[in-house]
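Read off the chains here:
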Amino acid sequence: MNADIQRRRRAAADAVLGDRRSMPPRGDAEAFAPANIALVKYWGKRDAALNLPVTGSLSVSLGDAGTRTAIRPADRDSLRMNVNLIDPAAPAARRVSEFLDLVRPSSAAGFAVETVNSVPTAAGVASSASGFAALVRALDGLYGWDLNPAEMSVLARLGSGSACRSLWDGFVEWIPGTDSEGADSRGAPIDVRWPELRIGVWVLDDAPKAVASREGMRRTVETSPLYPAWPAVVARDLIEVRQAVAGRDLERLGRVAEGNALAMHATAIAARPSALYWRPESVAAMARITALRAGGMPVWFTLDAGPNLKLIFEAASGAALTREIPALRSLAPFG
Ligand code: DP6
C-alpha cells in the first residue's frame, strides 16, 4: 500500500479515535457482528483508499449468521479463521494487518486475531462485511474506546465497504456522504422489524471466485460503458426499497432487489474485460425462481459478486421452497 494512501486511511481512523489512541489494551476481547445481504447494491467507489461509494446502498443483516472474533495483543499479527492459521502473506491476512495498521499504537505492536464464521465461508455469504465489523467491535472492547455504532461503522468501512452496514441488526442504509475523507459515509439503521422475512442461501458453486469483488468493482467503474447509468438506477431503487421495507411489502421488495442485482451484474458483465460472476448453474437457478414465481410462489433472488443465489421470501413459503430446493439454507434476519 503506498504511503499517501496509508496516511489518508490513518488520518480517517484518527478522526474517529481522537485521543483514545493513547488508551492501553485491557487484555483480550471478543465480539460478534452479523453478515449482511444488500437489497440495493454497493457497486463502485468514488475513493478506493477510503472505500467511499459512488452511491448509497441498503442491506438486511442476517441475525445470528455472521462472524465471532477474539483479539489480544501479541508480538506480531496472526490470523486464525475457523481454526486454520492463515499464512501472513495470504491476501486475507494482509488485509487484516493493513486494517490493524490504522489503530496500532506503535509499529511494534501486533495482534492475535481469531475469527469463526457461523455461516461456512463456502456458503456464499460474504465474510468480509461481518469480519471487519466484528473486528472493530472486538478492538473497541479491547481498548475500552466506547465508540458508538456510527463511529464503529466509519472505521469498519476502511476494512471493507459493506462492513459499515454490519454494525446493526435488521435493515441498514449506507449513507454515501459527501466529505472527501469519509467522516459522513456510514451505515444508518432503519427502524422496521419484519419477523417473517427470510433470506435463503442457495449455493451452486463454492469454488473461489475468478474476480474478487474489489477488482470487479474497479474494472466496472473504469471500463463498463453501462456504469454511467448505475447511479440513477440506485437512486430510484433506494426510494422504492425504503417504501417496500416501511410497508413490509414482499412483492415490492423482491422486485426491486432482483432488478437491482441484475442491473449491477449488467454493468459488471459489460466491463472490459468482463467481470462475469455467473455460472451456467446460476442462470438455470434464476430461471427456476422465475418459473416458481410464475407458478404462484412469492420468491425473488439477488446475487452478489459470485455465482450463488440469495432468495428473498417469507416464512410461510419456507417449507414449500425447501421441498423444491433441498440445498436451500434459510436464515431469519429478525430471529
Ligand atoms: C456485490 O464490501 O466486499 O457484495 O469495499 O472493496 O471491500 P470492498 O468491497 P465489498 O463489496 C461488496 C459488493 C457486493 C454488494 C454489496 O454488498 O452491497
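Everything below is about the structure shown above.
Note that the structure is a prediction, hence the values are computed from the model and not measured.

A few points about the overall build of the chain
No. 1: Per the secondary structure count, the chain includes nine helices and 13 strands.
No. 2: A compact globule built from 335 residues should have a C-alpha radius of gyration of about 20 Å, and the chain, at 19 Å, falls within 12% of that.
No. 3: The principal-axis extents of the C-alpha atoms in the chain amount to approximately 60 × 40 × 35 Å.
No. 4: Counting the 335 residues in the chain, one finds 50% classified as buried.
No. 5: Excluding contacts between residues fewer than 6 apart, the proportion of contacts in the chain whose partners are at least 24 apart in sequence is 75%.

A look at the site of the ligand
No. 1: Contacts to the ligand come from 18 residues, most closely from Tyr42, Lys45, Ser160, Ser162 and Arg214.
No. 2: Within the contact set of the ligand, an oxygen atom lies 2.6 Å away from a side-chain nitrogen or oxygen of Tyr42.
No. 3: Between Gly161 and the ligand, the recorded distance is 2.7 Å, taken from a backbone N or O atom to an oxygen atom.
No. 4: Considered on its own, the ligand offers 460 Å² of accessible surface; in the complex 94% of this is hidden by protein.
No. 5: With three residues, helix H5 (residues 213-223) is the single largest residue contributor to the shell around the ligand.
No. 6: Grouping the constituent residues of the shell around the ligand by class yields six nonpolar, six polar and six charged.

Quick look at unusual backbone geometry
No. 1: A cis amide bond links Arg272 with the next residue in sequence, Pro273, at an omega value of 0 degrees.
No. 2: Position of Pro273 relative to the elements: it lies in the loop between helix H7 (250-269) and helix H8 (280-294).
No. 3: Although it is not a glycine, Asn51 adopts a positive phi angle of roughly 50 degrees.
No. 4: Looking at where Asn51 falls in the secondary structure, it is placed in the loop between strand E2 (45-47) and strand E3 (52-53).
No. 5: The phi dihedral of Val83 falls on the positive side, at around 70 degrees, and the residue is not glycine.
No. 6: For Val83, a relative accessible area of 64% corresponds to the exposed category.

As for the pairing of strand E1 (residues 29-40)
No. 1: Of all 12 residues in E1, 10 are buried; the element is thus mostly enclosed.
No. 2: In this sheet, strand E4 (residues 57-74) lies alongside E1 in antiparallel orientation, the contact comprising 10 bridges. Among the inter-strand pairings, Ile37 is bridged to a residue of E4, identified as Val60.

Topic: the side chain of Thr115
No. 1: Relative to the assigned elements, Thr115 resides in strand E7 (residues 110-117).
No. 2: Overall, Thr115 belongs to the buried group, its relative accessible area being 10%.

Some words on the pattern of salt bridges
No. 1: Tallying each qualifying case throughout the model produces 19 salt bridges.
No. 2: The residue Glu181 makes a salt bridge to Arg8 at a minimum N-O spacing of 3.3 Å. Residue Glu181 is located in the loop between strand E8 (171-175) and strand E9 (186-189), and its partner Arg8 is located in helix H1 (residues 3-17); the two are separated by 173 residues in the primary sequence.
No. 3: On the basis of relative accessibility, which here comes to 34%, the residue Glu181 falls in the partly exposed class.
No. 4: One connected set of salt bridges, linked through shared partners, spans Glu215, Arg218, Arg219 and Glu222.

Comments concerning the pairing of E7
No. 1: Taken across its eight residues, E7 has six buried, putting it largely inside the fold.
No. 2: As judged from the eight bridges shared by E4 and E7, these two strands associate in the antiparallel manner. Looking across to E7, one finds that Ile71 is bridged to Val113.

Some thoughts on the nonpolar core
No. 1: Within the largest apolar cluster, 43 residues are counted, with the highest numbers of intra-cluster contacts made by Leu39, Trp43, Leu62, Phe171, Leu197, Leu253 and Ile312.
No. 2: Looking at this core, the elements with two or more residues in it are E1, E4, E8, strand E10 (197-202), helix H6 (230-246) and H7.
No. 3: If one sorts the elements of this core by residue count, H6 sits on top with seven residues.
No. 4: Other than its neighbours up to four places away in sequence, Leu62 contacts Pro34, Ala35, Asn36, Ile37, Val125, Ile199, Leu331 and Pro333.
No. 5: Core analysis: the second largest hydrophobic core is formed by 40 residues, Leu17, Ala49, Phe99 and Val172 among them.

What to know about helix H2 (residues 91-100)
No. 1: Every buried residue belonging to H2 is among Ala93, Val96, Phe99 and Leu100, and all of these are buried. End-on view of H2: buried residues confined to an arc of 125 degrees, all on one side of the axis.
No. 2: In the core, the buried residues of H2 are packed alongside H1, E4, strand E5 (78-81), E7, helix H3 (127-143) and helix H4 (149-159).

Some points on the packing of H1 against H4
No. 1: Where H1 contacts H4, the axes come no closer than 10 Å and their chain directions differ by 165 degrees. The angle between H1 and H4 places the two elements in the roughly antiparallel class. The hand of the H1/H4 crossing is left-handed. When H1 is examined against H4, the residues Arg9, Ala12, Ala13, Val16 and Leu17 are found in contact with a partner set consisting of Glu151, Val154, Leu155 and Leu158.
No. 2: Along the lines of polarity and charge, the residues of the contact of H1 with H4 split into seven nonpolar, no polar and two charged.

A short note on the environment of Ile312
No. 1: Position of Ile312 among the secondary structure elements: in strand E12 (residues 309-314).
No. 2: Put simply, Ile312 and Ile175 are 137 residues apart on the chain and 23 Å apart in space, counted from C-alpha to C-alpha.
No. 3: Excluding residues within four positions of it along the chain, Ile312 makes contact with Leu39, Leu197, Arg198, Ile199, Leu250, Leu253, Ala257, Pro298, Val299, Trp300 and Thr302.

Calculation criteria
Residues numbered from 1 in each chain as written. Predicted model: local features only at pLDDT ≥ 70, side-chain atom pairs only at ≥ 80, totals over all residues. Heavy atoms only, no water. Helix = DSSP H or I, 4+ residues; strand = E, 2+ residues; numbered from the N terminus. Rg over C-alpha atoms; globule rule 2.2 N^0.38 Å. Buried < 20%, exposed > 50% of the residue type's maximum accessible area, 1.4 Å probe, protein only. Contact = heavy atoms within 4.5 Å. Near = heavy atom within 4 Å. Polar contact = N/O pair within 3.5 Å; in protein donor to acceptor, adjacent residues only side chain to side chain. Areas by Shrake-Rupley, 256 points an atom, 1.4 Å probe, with all protein chains shown as cover. Nonpolar A, V, L, I, M, F, W, Y, C, P; charged D, E, K, R; others polar. Pairing = 2+ DSSP bridges. Salt bridge = Lys/Arg side-chain N within 4 Å of Asp/Glu carboxyl O. Core = buried A, V, L, I, M, F, W, Y, C linked by side-chain atoms within 4.5 Å. Arc of directions from axis to C-beta. Axes fitted to C-alpha atoms, helices over the stretch in contact; angles between N-to-C directions. Parallel < 35°, antiparallel > 145°, perpendicular 65-115°, else oblique. Left-handed = near helix turned anticlockwise from the far one by under 90°.

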